[in-house]
Amino acid sequence: MNKTIYQLLNEVETDFREYEQTELSSREKDYHKQKVLSEVRRMENKAKKNKNGKTWKIAAGMAAACAVAVGATSIANPVLAEELFSSVFGNLVENAQGEKYEKEDTERYTKIGKSSTAVQDEVDKQQDSDSYVTTMENNGVTVSVSDVYCDGYVLYYTASIKTDNEGLNQADGIITETKEGSNPSIFVDGVQLSGYASKAFDKSKDGSFVTINQIDLLNPTDMQEKPIDLKAGEKDVFVVDWDVKQFVGYLWNQWDESGEYVNTGKVEGDWRLRFPVTIDRSGNEAFDINKEENGIMVKSAVKTKAGLVVEAELPDFTKDPYNDPYNDPDMGIKDSQGNWLQWMNQKTDMHEDGTSTMQIMVLYDGEEDLVFEVTTKDGEEPETLASIGFQVP
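Residues numbered from 1 in each chain as written. Predicted model: local features only at pLDDT ≥ 70, side-chain atom pairs only at ≥ 80, totals over all residues. Heavy atoms only, no water.

As for helix α6 (residues 102–115)
Relative to the 20 Å expected for 14 residues at 1.5 Å per residue, α6 spans 20 Å between its end C-alpha atoms, a close match to the ideal helical length. Buried within α6 are the following residues: Asp 105, Arg 108, Tyr 109, Lys 111, Ile 112, Gly 113 and Ser 115. (Helix = DSSP H or I, 4+ residues; strand = E, 2+ residues; numbered from the N terminus. Expected span 1.5 Å × (residues − 1). Buried < 20%, exposed > 50% of the residue type's maximum accessible area, 1.4 Å probe, protein only.)

Next comes the structure, spelled out in structure tokens:
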């Protein structure tokens, strides 16, 4: 199908006047949006097997009714219904289909999406709401920030581009740059972060370009590479400034004579987006582990809405019995089937004696039995230094 499932749903003729009009909270909108999109995906797969447009329209109509009937209070009006079916996260998931990291990206977008908040809802909560800019148009390119997720350890935000520029619209993806070709500036609470790279915007079937960006709150540094104390454990709200000076379109499967992606066009301008982010700690739950193996101690963990942060005390791996010259073995967290959980974030504090304290954050989706595993990097068969099992309450 040339159209996305969200566009097709918007074409379904549904008389929302038949339903009682009730205003939903932002939390209720998020909950019902995920329920509806899950049902839509199931119906779409069924309709594809039939390859019958009429069957799809019937299925879509049923899904639209589900937005009201399946566990939902009601939908206030068709505008709100359209809002539910035009999710940037939906486009991100759809763009991931068939790609190399489809499984990993789908898991991440779905998990973060379920726990995210609409940026406009964040703005509406602030007394100085007029000072924020979540959508900006310049030189025919409109950029919008749509959703945010922040648990105090990591911050995600989604964004989309719509443009009438012919060159950009021919692209598979659009990257953001300064006029000098470097990454655009990102500020958190007025401090410019270093090492920050905006993820490319990928084209969706509806013609928009979408992306999701991550900001490290475990180990942020300023432009001099000095650690920044954003006091994530104490603050309730961050203010993010995103300053973009140009957009460049590229074809991902075509290369020029120098081996670079083919450039389809460039638009210079000034896009300065500013939005608040509330740190949502409502799902954060800390617990002790205190398990040791081979000098490696897993101390504790914090479960958040989308992740799991595990803290471990590590020995000096350059010394006996490890003898790793770089003091840098591989480590991560596995589920009970031996699959690595997705890495999200990490912080390591080195001590004078060569030991260290490490926090590692992984994407978490309710697994109870996990393993913290440390292996050497040398040799064809890595040696397991520790395999510490623990349970998440």
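Details of the sheet that holds strand β14 (residues 307–314)
Read from one edge of the open sheet, five strands run β12-β13-β14-β17-β16, paired in antiparallel fashion. The open sheet has two edge strands, β12 (285–293) and β16 (343–350), and neither has a second partner. Each adjacent strand pair in this sheet contributes to an overall mean axis angle of 15°, direction not counted. By the bridge criterion, six bridges tie strand β13 (residues 296–303) to β14 in an arrangement that is antiparallel. Its bridge partner being in β14, Ala 301 is matched across the sheet by Val 310. (Pairing = 2+ DSSP bridges. Axes fitted to C-alpha atoms, helices over the stretch in contact; angles between N-to-C directions.)

Focus on the side chain of Asp 243
One can find Asp 243 in strand β10 (residues 237–255). A distance of 3.5 Å separates the side chain of Asp 243 from the side chain of Lys 245, its partner in a polar contact. Residues contacting Asp 243, with those up to four places away along its chain left out, are Pro 184, Ser 185, Asp 270, Trp 271 and Arg 272. (Polar contact = N/O pair within 3.5 Å; in protein donor to acceptor, adjacent residues only side chain to side chain. Contact = heavy atoms within 4.5 Å.)

Focus on the packing of helix α5 (residues 88–96) against α6
At a minimum axis separation of 9 Å, α5 and α6 run at an interaxial angle of 170°. With respect to α6, the element α5 is oriented roughly antiparallel. In this structure, α5 contributes Phe 89, Leu 92, Val 93 and Ala 96 to the contact, and α6 contributes Glu 102, Asp 105, Thr 106, Tyr 109, Thr 110, Ile 112 and Gly 113. (Parallel < 35°, antiparallel > 145°, perpendicular 65-115°, else oblique.)

Describing α5
For an α-helix the count is 3.6 residues per turn, leaving residues at separations of three or four pointing the same way. α5 sits mainly inside the fold: eight of its nine residues count as buried. Every buried residue of α5 is accounted for by Val 88, Phe 89, Gly 90, Asn 91, Leu 92, Val 93, Glu 94 and Ala 96. Of the residues trailing α5, Gly 98 is marked for its positive phi of about 85°.

A look at the packing of aromatic side chains
Under the defined criterion, the tally for this structure stands at nine aromatic pairs. The interplanar angle of 55° and the centroid separation of 5.4 Å between the aromatic rings of Tyr 157 and Phe 275 together place this pair among those described as tilted. Taken together, the residues span a long stretch of sequence, with Tyr 157 in strand β4 (residues 154–163) and Phe 275 in strand β11 (residues 261–278) at a distance of 118 residues. Looking at Phe 275, the relative accessible area reads 0%, which means it is buried. Here the aromatic rings of Tyr 250 and Trp 252 are separated by 6.3 Å at their centres, their planes lie at 15°, and the arrangement is stacked. A network of ring pairs unites the aromatic residues Tyr 157, Phe 201, Trp 242, Phe 247, Trp 271 and Phe 275 as a single cluster. (Phe/Tyr/Trp six-rings, centres within 6.5 Å; stacked < 30°, edge-to-face > 60°.)

Describing the nonpolar core
Formed by 36 residues in total, the largest nonpolar core has its most connected members in Leu 155, Tyr 157, Ile 215, Phe 238, Trp 242 and Phe 247. Elements supplying a minimum of two residues to this core: α7 (119–124), β3 (141–150), β4, β6 (185–188), β9 (209–216), β10 and β11. The element that contributes the greatest number of residues to this core is β10, accounting for six residues. In this structure, Phe 287, Tyr 322, Tyr 364 and Val 392 belong to the second largest nonpolar core, which totals 26 residues. (Core = buried A, V, L, I, M, F, W, Y, C linked by side-chain atoms within 4.5 Å.)

Quick word on unusual backbone geometry
For the bond running from Asp 320 to Pro 321, omega is 5°, close enough to zero to count as cis. Tracing the backbone through its elements, the reader meets Pro 321 in the loop between β14 and β15 (330–335). For Asn 294, which is not a glycine, the phi torsion comes out positive at approximately 55°. The exposure class assigned to Asn 294 is partly exposed, which follows from its relative accessible area of 35%. Here the phi dihedral of Asn 323 falls at roughly 55°; this positive angle occurs in a residue that is not glycine. Note that Asn 323 resides in the loop between β14 and β15.

Thoughts on the environment of Asn 219
The topology assignment puts Asn 219 in the loop between β9 and β10. A C-alpha to C-alpha distance of 5.6 Å links Asn 219 and Lys 347, two positions 128 residues apart in sequence. Look past the residues within four positions of Asn 219 in its chain and what remains in contact with it is Gln 346 and Lys 347.

Looking at the sheet that holds strand β18 (residues 369–375)
The three strands are arranged β15-β18-β19 in an open sheet whose pairing can be described as antiparallel. Every other strand in the sheet has two partners, leaving β15 and β19 (384–391) as the edge strands with one partner each. Geometrically, the sheet is characterised by an average inter-axis angle of 20° between neighbouring strands, direction not taken into account. Pairing geometry for β15 and β18, over six bridges, is antiparallel. Within β18, the position partnered with Lys 334 by the bridge is Val 371.

Focus: the pairing of β3
For β3, the tally of buried residues reaches nine of 10 residues, placing the bulk of the element in the interior. As paired strands, strand β1 (residues 117–118) and β3 are joined by two bridges and run antiparallel to one another. Across the sheet, Thr 117 pairs through a bridge with Val 148, a residue of β3. As judged from the four bridges shared by strand β2 (residues 135–138) and β3, these two strands associate in the antiparallel manner. What sits directly across from Met 136, in β3, is Val 143. Counting the residues that bridge the hairpin from β2 to β3 gives two residues, and of these Asn 139 lies at a positive phi of roughly 55°. Both β3 and β4 contribute to a ladder of eight bridges, which runs antiparallel. In the sheet register, Tyr 149 faces β4, and the bridge partner there is Tyr 156. Between β3 and β4, which pair antiparallel and follow one another directly, the connecting turn spans three residues, one of which, Gly 152, has a positive phi of 95°.

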